[in-house]
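Listed below, chain by chain, are the residues.
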Amino acid sequence: MTVLAFVRRFLADYARNRVNLLLLVVVPVVFVAVVAGTLADAARILGGRGGAAVENATAAWSAAFLAGIGMYFQSAATRDTDQRVVLAGLRARMAAASHRLALAVLVSAIALVTLALRTGIDRPGHVVVGTLMAAVIYVAIGTAVGTLVSNPVNGSVVVLLIWILDVFLGPAMGAQERVGTRILPTHFVTSWMVDLPSGHAGRLGDVGWALVWTVAAVAVAWTLAVRRTRRAGQPRRRQRPGGWRAQLAGAGRAAWRDARRNPALWALYVAVPVIFILLADAITPDQPITVTVREHGRRLAGSYPMPEVHGATMAPIAVASLAALAGLFTLLDSRAGDRRAALAGLRPAALLAGRLGVLAAAALLATVVSLATTASVFDAVRWPVYAAGNLLVAGTYALVGALLAPVFGRVGGVFMAFLLPFLDLGISQSPMLRSQPPSWAKALPGYGSVRVLLDGALTRGFDELGALVLASGWIVVLSLAVAVAYRRSVSPPGSLVTALARPAASRPGQSGTFNGVRG
């Protein structure tokens, strides 16, 4: 009864986290119900199995993602609670095992139900057991990361990157023969699920190694969970505002200091281009692909080497993800400090200009890093136009990221910063999946930018003026939306003018702070 009560409280805590509930709906719907067929097509194009087998594997991938992220949040957030429960009499081993198993079963059930409603389940024994094994492995990964990494953004990004590598470099996506991919967590689970024998499993077989992975991961995570301890927090900073120029300079310096203090973001500037561009190029088969481009005012279907097209289209996905993360962190982390700075007398326009200046620099850096990585595997026909298209992507998604901040918060925003570029640029606009995007994709923010960069990547004359105007229009509209959202976020309840007029704000010795800036 004690264990059941503990599991019930764990599930209640899990449900109280809005990010968990959001992902519990979004991830199965997106990866199992919506894009499973597209992922199967992509797997076939890249030399993998394709077909219903890969669609079945999406249930395991979805459950793994939900299990890893959900367990990370619970491990990072409930250290003190778990310690008190153990002190109250519940055995540490029981506390470490009960709710982890409950989470694995919950997310597996949701993923499998979604798959059953979509297409039915082919080879149900393999799919059900494989999905549960993938969930258990990622429960262990989430526990390990939650024990070692206390910052929710850094930890969730670590889990997300492990999952991205695991899925998109897995055997279902055609990377089965590459030695380096054999260490990925669900390599053998996926091989067994999709009935694609690895050929390197030895006497144990793929299912044997999958069980070894499951048991070993649980044992390591269990040990860490039992022995985990608390960690301390971090200190703060300092500076001062003045007139308009001084305020603008101070806002810019404070925004830059905030950006520098986010180690997860700067690590991603290295990791994301490598994962999205270099590894994608490495697994792309050297085959022709048909892409529709505009040349001399006419739409023409041309045949291009698949690695070139893939290299050209992976760069904007990396750029968009990094820019969206920069937009998310630049504005989200500043709201409380900027509100106090506005109360202390700093103009909201100066605050916003400082934030947008740093955001523009971060988006430019994301573009430069991604293009430098792309240049090692792809040579655009006209680099200036191709680079301009990527800059449009960066500007668009930097502003989208800024708008994600007040809606999804810190951790939910991180996932949306990866999910939206994937759905827009990686699925809807991708010439790898169809020669030209469907008509509805023209309403998405990445359409104009992608047409411009493909024009620069593959053709010798510029014929995408309309797309350039459309992409620029998106940036203007998003800029206005960010300005309105920011103005509302830094304005306290009631009138800002009234708040500034209070006598306490002008008494000697009183001070407001803007991320440590004294005024």
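Structure: see above.
All values reported here derive from a predicted model rather than from experimental measurement.

Q: Would you mind showing me how to read empty space enclosed by the protein here?
A: A probe matching the size of a water molecule, rolled over the atoms, marks out where space remains unfilled. Tallied over the entire structure, the rule returns five cavities of 30 Å³ or more. Its volume calculated, the largest cavity comes out at about 750 Å³. Lining the largest cavity are 37 residues, and of these Phe168, Phe276, Met314, Ile317 and Phe422 lie nearest its centre. Counting only elements with at least two residues in the lining of the largest cavity, the list comes to helix H2 (18–34), helix H3 (36–45), helix H8 (152–168), helix H12 (263–283), helix H13 (306–332) and helix H16 (383–428).

Q: Got a minute to help me understand the packing of H16 against helix H17 (residues 447–458) in this structure?
A: For any two helices packed against each other, one specifies the inter-axial angle together with the distance between the axes. Viewed as axis vectors pointing N to C, H16 and H17 meet at an angle of 145°, and their least axial separation amounts to 6 Å. Judged by the twist between their axes, the crossing of H16 over H17 is left-handed. Side by side, H16 and H17 meet where Val385, Tyr386, Gly389, Asn390, Leu392, Val393, Thr396 and Leu425 of the first sit next to Ser449, Val450, Val452, Leu453, Gly456 and Ala457 of the second. When grouped by side-chain class, the residues that make up the contact of H16 with H17 number nine nonpolar, five polar and no charged.

Q: It is not clear to me how helix H7 (residues 124–148) should be interpreted in this structure. Could you clarify?
A: Each turn of an α-helix holds 3.6 residues, which means side chains three or four residues apart point in the same direction. Helix length check: H7, at 25 residues, gives a terminal C-alpha distance of 36 Å against a target of 36 Å (1.5 Å per residue), a fit within 8%. Counting buried residues along H7, 18 of its 25 residues qualify, which places the element largely inside the surrounding structure.

Q: Teacher, can you tell me more about the nonpolar core here?
A: The tendency in soluble globular proteins is for nonpolar side chains to be buried side by side. Counting residues in hydrophobic clusters, the biggest one holds 129 residues, and the most contacted among them are Trp61, Trp163, Phe276, Tyr386 and Phe415. With 20 residues, the single largest contributor to this core is H16. Grouped together as the second largest cluster of nonpolar side chains are five residues, Val385, Leu392, Ala467 and Ala471 included.

Q: What's the story with the environment of Leu470 in this structure? I'm lost.
A: With respect to the element layout, Leu470 can be found in helix H18 (residues 465–490). For Leu470, a relative accessible area of 32% corresponds to the partly exposed category. Between the C-alpha atom of Leu470 and that of Ala443, which follows or precedes it by 27 residues, the distance is 9.8 Å. Here Leu470 is in contact with Lys442, Tyr447 and Gly448, once residues within four sequence places are set aside.

Q: Where do I start with the packing of aromatic side chains in this structure?
A: Two numbers describe a pair of aromatic rings. These are the distance of the centres and the angle of the planes. With the rule as written, the count across this model stands at 11 aromatic pairs. Here the aromatic cluster, defined as three or more aromatic residues joined through ring pairs, consists of Phe31, Phe65, Trp163, Phe168, Phe415 and Phe422.

Q: Please clarify how the pairing of strand S2 (residues 298–305) should be interpreted in this entry.
A: Taken residue by residue, a regular strand's side chains alternate between the two faces of the sheet. One ladder, built from eight bridges, connects strand S1 (residues 288–295) with S2; its direction is antiparallel. Residue pairing in the sheet places Arg294 in a bridge with Arg299 of S2.

Q: Hey, could you run me through the pattern of salt bridges in this one?
A: Opposite charge on two side chains makes pairing possible when the charged atoms of those side chains draw close. For the coordinates displayed, the defined rule picks out two salt bridges. Residue Arg118 is joined to Glu55 by a salt bridge in which the shortest nitrogen-to-oxygen separation is 2.6 Å. Within this pair, whereas Arg118 is found in helix H6 (residues 92–118), its partner Glu55 is found in helix H4 (residues 51–77), the two being separated by 63 residues in sequence. Overall, the relative accessible area of 31% leaves Arg118 in the partly exposed class. Residue classification places Glu55 among the buried positions, given a relative accessible area of 17%. Note that Asp455 is salt-bridged to Arg382, the shortest N-O span being 2.7 Å. Here Asp455, found in helix H17, pairs with Arg382, found in the loop between helix H15 (348–375) and H16; they are 73 residues apart in sequence, far enough to count as distant.

Q: It is not clear to me how the side chain of Thr190 should be interpreted in this structure. Could you clarify?
A: As for its position among the elements, Thr190 is in helix H9 (residues 187–193). Here Thr186 takes part through its backbone oxygen, which lies 2.8 Å from a polar atom of the side chain of Thr190.

Q: How do you make sense of a nonpolar patch on the surface when you look at a structure like this?
A: On the surface, a cluster of nonpolar side chains totalling about 250 Å² of accessible area is made up of Val25, Val29 and Val34. As for its position among the elements, Val34 is in helix H2. Under the relative-accessibility criterion, Val34 is labelled exposed at 54%.

Each value, and the rule that gives it
Residues numbered from 1 in each chain as written. Predicted model: local features only at pLDDT ≥ 70, side-chain atom pairs only at ≥ 80, totals over all residues. Heavy atoms only, no water. 1 Å grid on protein atoms, 1.4 Å probe; cavity = no way out; pocket = protein on both sides within 12 Å on 5 of 7 lines; lining within 4 Å. Points joined across faces, edges and corners; volume = space filled by probe spheres on them. Helix = DSSP H or I, 4+ residues; strand = E, 2+ residues; numbered from the N terminus. Axes fitted to C-alpha atoms, helices over the stretch in contact; angles between N-to-C directions. Left-handed = near helix turned anticlockwise from the far one by under 90°. Contact = heavy atoms within 4.5 Å. Nonpolar A, V, L, I, M, F, W, Y, C, P; charged D, E, K, R; others polar. Expected span 1.5 Å × (residues − 1). Buried < 20%, exposed > 50% of the residue type's maximum accessible area, 1.4 Å probe, protein only. Core = buried A, V, L, I, M, F, W, Y, C linked by side-chain atoms within 4.5 Å. Phe/Tyr/Trp six-rings, centres within 6.5 Å; stacked < 30°, edge-to-face > 60°. Pairing = 2+ DSSP bridges. Salt bridge = Lys/Arg side-chain N within 4 Å of Asp/Glu carboxyl O. Polar contact = N/O pair within 3.5 Å; in protein donor to acceptor, adjacent residues only side chain to side chain. Patch = residues over 30% accessible without salt bridge, like charges linked within 9 Å, V, L, I, M, F, W, Y side chains within 5 Å. Areas by Shrake-Rupley, 256 points an atom, 1.4 Å probe, with all protein chains shown as cover.

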